[in-house]
Amino acid sequence: MNTQELDKKYVLPTYARADVEFVSGNNATLTDANGKKYIDFTSGIGVCSVGHANESLNAAISEQISNITHISNLYHIAPQARAAQKIVEASGYDMQCFFGNSGAEANEGALKIARKWGGIDSNSKDGEIKYKVITLKQSFHGRTITTVKATGQESMHNYFGPFPDGFVYADNMNHVESLLDDHTCAVMIELVQGEGGVQPQDKKEVQALAKLLKDKGVLLIVDEVQTGVYRTGEFLASNLYEIEPDIITLAKGLGGGVPIGVVMTSLKDVMGAGDHGSTFGGNYLSSSAACAVIDILSDYKKSGDLEINTLLFNKAIEKVYKKYTNLFTEKVGIGMMCGLRAKDADTLAAIINSARENGVMVLKAGRNTLRFLPPLTITKEEMDEGFKSLDNALSSL
Ligand SMILES: *Cc1c(COP(=O)(O)O)cnc(C)c1O
């Protein structure tokens with residue numbers, strides 16, 4: 001049986017997969033099973049931040065696994081401790097980290113910290129436990145039972161219930177304040193909504209919300225699973241927005257393709273031994289990958305090349321936007337997290353298919369947003385080729 005037949009017979013049908021099978025990659029260039037080349041503007045949904053088959057990352061991983069891969073969190077793990085140091089120092093915040101394996105798991109950790117914090121007497125008002133978490137209607141926070149309920153999109157709440165209690169959805173940032181009450185322990189937001197449509201929040205509104213929450217004694221959780229690790233130009237989007245969240249989650253771009261999730265918090269005294277854990281979280285493999293990715297990207301940022309590349313990429317998107325006013329209504333996003341709002345959902349589907357046929361991979365976000373999450377290390381030549389293919393695809397529609 002070929003891959004497609006095996007998949008159909010043995011894998012649960014939870015994905016509507018495109019009909020293509022990649023067998024190798026090099027930075028932002030992919031090769032499929034027929035030898036056809038593609039430019040990758042998706043980086044595995046923001047995961048392959050340092051590109052495919054990155055030599056430094058692969059060398060770090062190979063060296064690590066030739067010694068030891070896993071021993072559990074019952075013992076000290078050197079690369080995990082080092083990864084935590086790198087993450088905290090790059091963030092500029094006085095925080096500590098917990099390691100899991102995915103974005104949803106990082107958010108679960110964030111919610112557990114916030115709920116435990118809300119149950120501590122001195123944080124409650126008149127003996128009322130704080131447990132409610134406010135999220136936004138267009139948010140996306142994961143696929144576990146709890147994070148699916150934390151996700152504000154109604155369509156995600158079909159089946160799977162009963163869900164954990166205590167999630168409240170705000171229409172937008174300005175609607176959050178009216179939902180706060182004595183039971184609210186946290187507000188969780190994405191600074192640039194990813195799955196919701198590559199929609200950045202307004203900086204002034206975010207800063208006003210952060211201040212309001214500090215005044216009210218409510219925690220701010222920022223879900224940086226997609227925006228984190230230089231995707232928006234700074235190590236964290238929180239740095240770009242110049243706020244100091246209480247809890248931040250990371251995942252996608254952190255391991256360069258090796259599964260890892262992190263929840264980091266300034267609330268160092270809330271969780272104690274036994275309150276949380278993960279068998280795989282932050283093992284030698286994933287945390288040595290994270291160390292390498294942070295080293296590669298922090299050098300890349302310092303050299304100025306990240307900024308140059310980001311400008312080039314955005315200029316190219318701007319050009320597409322101006323040329324195809326018949327297809328797009330708005331350019332959205334920040335840094336290397338970009339989008340073009342398509343006229344409608346059918347147009348978007350046609351664009352994505354035609355792009356693939358023409359040799360460039362792009363993503364969908366929300367109902368009608370064409371999303372670009374290229375490897376941060378994409379070269380100018382790869383960009384040129386990718387946008388040429390995209391232009392071919394769009395002009396054929
Ligand atoms: C992808 C994503 C998640 C979920 O991450 P998984 O690794 O798929 O569990 C959560 N939050 C945001 C903002 C995401 O983009």
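Sequence order sets the numbering: in each chain, residues are counted from 1 along the sequence as written. The model is predicted, so local features are restricted to residues of pLDDT at least 70 and side-chain atom pairs to those at 80 or more, both for listing and for counting; the totals for chains, interfaces and linings are taken over all residues. With hydrogens and water excluded, all non-hydrogen atoms of the structure serve as input to the side-chain values.

Student: I'd like a rundown of the overall build of the protein chain, residues and numbers included.
Tutor: For the protein chain, the helix and strand inventory stands at 13 helices and 17 strands. Against the globule reference of 21 Å for 397 residues, the protein chain gives a C-alpha radius of gyration of 21 Å, in line with a compact fold. Reported as C-alpha extents along the three principal axes, the dimensions of the protein chain are approximately 65 × 50 × 50 Å. For the protein chain, with 397 residues in total, the buried portion stands at 52%. By definition, residues are in contact when any of their heavy atoms lie within 4.5 Å. Looking at the protein chain alone, contacts between residues at least 24 apart form 71% of all its contacts between residues at least 6 apart. As displayed, the protein chain has an accessible area near 18,400 Å², and 51% of this comes from carbon and sulfur atoms. Across the protein chain, 39 positive and 48 negative side-chain charges occur, with their mean positions spaced 3 Å apart. We count a stretch as a helix when DSSP gives it H or I for four or more residues in a row; a strand needs E for two or more, and each element gets its number in order from the N terminus. The size measure is the radius of gyration over C-alpha atoms, and the globule rule it meets is 2.2 Å times the number of residues to the 0.38 power. The buried label goes to any residue with under 20% of its type's maximum accessible area, the exposed label to any with over 50%, and the partly exposed label to all in between, with areas taken from a 1.4 Å probe on protein chains only. Surface accessibility follows the Shrake-Rupley procedure with a 1.4 Å probe radius. Residue values consider only the protein chains on display as shielding. As used throughout, the charge tally considers Lys and Arg to be positive and Asp and Glu to be negative, leaving His and the chain termini uncounted. The atom standing in for a charge is NZ when the residue is Lys, CZ when it is Arg, CG when it is Asp and CD when it is Glu.

Student: Quick one: what's the story with the environment of Glu 381, residue by residue and with numbers?
Tutor: Looking at the element boundaries, Glu 381 is found in helix α13 (residues 380–395). For Glu 381, a relative accessible area of 57% gives the class exposed.

Student: I'd love a proper account of the domain arrangement of the protein chain, names of residues and values included.
Tutor: Reported domain spans reflect what an automatic or database domain assignment gives. When cut into domains, the protein chain gives domain 1 (3–54 + 304–395) and domain 2 (68–302). Here the C-alpha centre of domain 2 lies 27 Å away from the C-alpha centre of domain 1. Taken together, the contact pairs 30 residues of domain 1 with 28 residues of domain 2. Two parts placed together each lose some accessible area; with a 1.4 Å probe, that loss summed over both constitutes the buried area. For domain 1, the biggest contributors to the area lost against domain 2 are Leu 306, Ile 334 and Met 337; these three give 29% of the whole. Each reported salt bridge corresponds to a side-chain nitrogen of Lys or Arg within 4 Å of a carboxyl oxygen of Asp or Glu. A salt bridge links Glu 195 to Arg 371; its shortest N-O distance comes to 3.0 Å. Whenever a nitrogen or oxygen atom comes within 3.5 Å of another N or O atom, the pair is scored as a polar contact, on the condition that within protein one atom can donate a hydrogen and the other can accept it, and that pairs from neighbouring residues in sequence are kept only if both atoms are in side chains. Between domain 1 and domain 2 we count 15 residue pairs in polar contact (both at pLDDT 80 or more) in total. Within the residue set of the side of domain 1 that touches domain 2, elements represented by two or more residues are α2 (43–46), α11 (305–323), β13 (328–334), β14 (337–342) and β17 (369–372). Counting residues per element, the side of domain 1 that touches domain 2 draws most heavily on β14, at 4 residues. Of the residues in the side of domain 1 that touches domain 2, the class split is 15 nonpolar, 12 polar and 3 charged. All residues other than Ala, Val, Leu, Ile, Met, Phe, Trp, Tyr, Cys, Pro, Asp, Glu, Lys and Arg, Gly among them, are scored as polar; the first ten of these are nonpolar and the last four charged.

Student: For the site of the ligand, give the residues involved together with the corresponding values.
Tutor: We call a residue near a molecule or strand as soon as one heavy atom of that residue lies within 4 Å of the molecule or strand. Ser 102, Gly 103, Ala 104, Asn 107, Phe 140, His 141, Gly 142, Glu 190, Asp 223, Val 225, Gln 226 and Lys 252 make up every residue found near the ligand. Within the contact set of the ligand, an oxygen atom lies 2.8 Å away from a backbone nitrogen or oxygen of Gly 103. Backbone polar atom of Ala 104 to an oxygen atom of the ligand: 2.8 Å apart, as the coordinates give it. When isolated, the ligand has an accessible area of 380 Å², and the protein chains bury 82% of it. Across the shell around the ligand, the residue classes break down as 3 nonpolar, 6 polar and 3 charged.

Student: Account for the sheet that holds strand β15 (residues 360–361), naming residues and giving values.
Tutor: For two strands to pair, DSSP has to find at least two bridges joining them. Within the open sheet, the 4 strands sit side by side as β1-β2-β3-β15. Their pairing is mixed. The open sheet has two edge strands, β1 (22–26) and β15, and neither has a second partner. Summarising the sheet, strand β3 (residues 37–40) and β15 pair through 2 bridges and their orientation is parallel. Its bridge partner being in β15, Ile 39 is matched across the sheet by Val 360.

Student: If you had to explain unusual backbone geometry to someone new, which residues and values would you point to?
Tutor: The peptide bond linking Gly 161 to Pro 162 adopts the cis configuration, its omega dihedral lying at -5 degrees. As for its position among the elements, Pro 162 is in the loop between α6 (145–150) and β6 (167–170). In this structure, Ala 53 is a non-glycine residue whose phi angle is positive, near 55 degrees. Residue placement: Ala 53 occurs in the loop between α2 and α3 (55–65). Look at Val 198: it is not a glycine, yet its phi comes out positive at around 55 degrees. Within the element layout of this structure, Val 198 appears in the loop between β8 (192–193) and β9 (199–200). A relative accessible area of 0% places Val 198 in the buried class.

Student: Help me get a handle on a nonpolar patch on the surface, residues and values and all.
Tutor: Residues enter patches when their relative accessible area tops 30% and they take part in no salt bridge; the joining distance is 9 Å for like charges and 5 Å for the nonpolar side chains Val, Leu, Ile, Met, Phe, Trp and Tyr. There is a patch of nonpolar side chains on the surface, built from Met 1, Leu 6, Tyr 10 and Val 11 and spanning about 420 Å² of accessible area. Counting through the fold element by element, Met 1 comes out in the segment before α1 (3–10). Judged by its relative accessible area of 59%, Met 1 is exposed.

Student: A description of the pattern of salt bridges should follow, citing residues and the corresponding values.
Tutor: Tallied over the entire structure, the rule returns 14 salt bridges. The partner of Asp 171 in a salt bridge is Lys 137, and the shortest N-O contact between them spans 2.3 Å. You can see Asp 171 sitting in the loop between β6 and α7 (176–179) and its partner Lys 137 sitting in the loop between β5 (132–136) and α6, a full 34 residues away along the chain. Ionic pairing is found between Glu 234 and Lys 301, a salt bridge with its closest N-O pair at 3.3 Å. Remark: Lys 301 occurs in helix α10 (residues 284–302) and Glu 234 occurs in the loop between β10 (219–223) and α9 (237–240); sequence separation between them is 67 residues. With relative accessibility at 29%, the residue Glu 234 sits in the partly exposed group. Its relative accessible area of 29% is what places Lys 301 among the partly exposed residues.

Student: Pulling in residues and values, what's your account of the side chain of Ser 238?
Tutor: If you trace the backbone, Ser 238 turns up in helix α9. Discounting chain neighbours no more than four positions away, the residues touching Ser 238 are Tyr 93, Leu 191, Val 222, Glu 224, Ile 243, Pro 245 and Ile 248.

Student: An account of the nonpolar core is needed here, citing residue identities and associated values.
Tutor: The term nonpolar core refers to a set of buried residues drawn from Ala, Val, Leu, Ile, Met, Phe, Trp, Tyr and Cys, joined through side-chain atoms within 4.5 Å. Judged by nonpolar contacts, the single largest core of 59 residues is most densely connected at Phe 313, Phe 328, Phe 372 and Phe 387. No other element matches α10, which puts 9 residues into this core. Those residues in contact with Phe 387, other than ones at most four positions away along the chain, are Phe 41, Phe 313, Ala 316, Ile 317, Val 320 and Phe 372. Ranked by size, the runner-up nonpolar core spans 27 residues in total, among them Ile 134, Val 176, Ala 237 and Ala 365.

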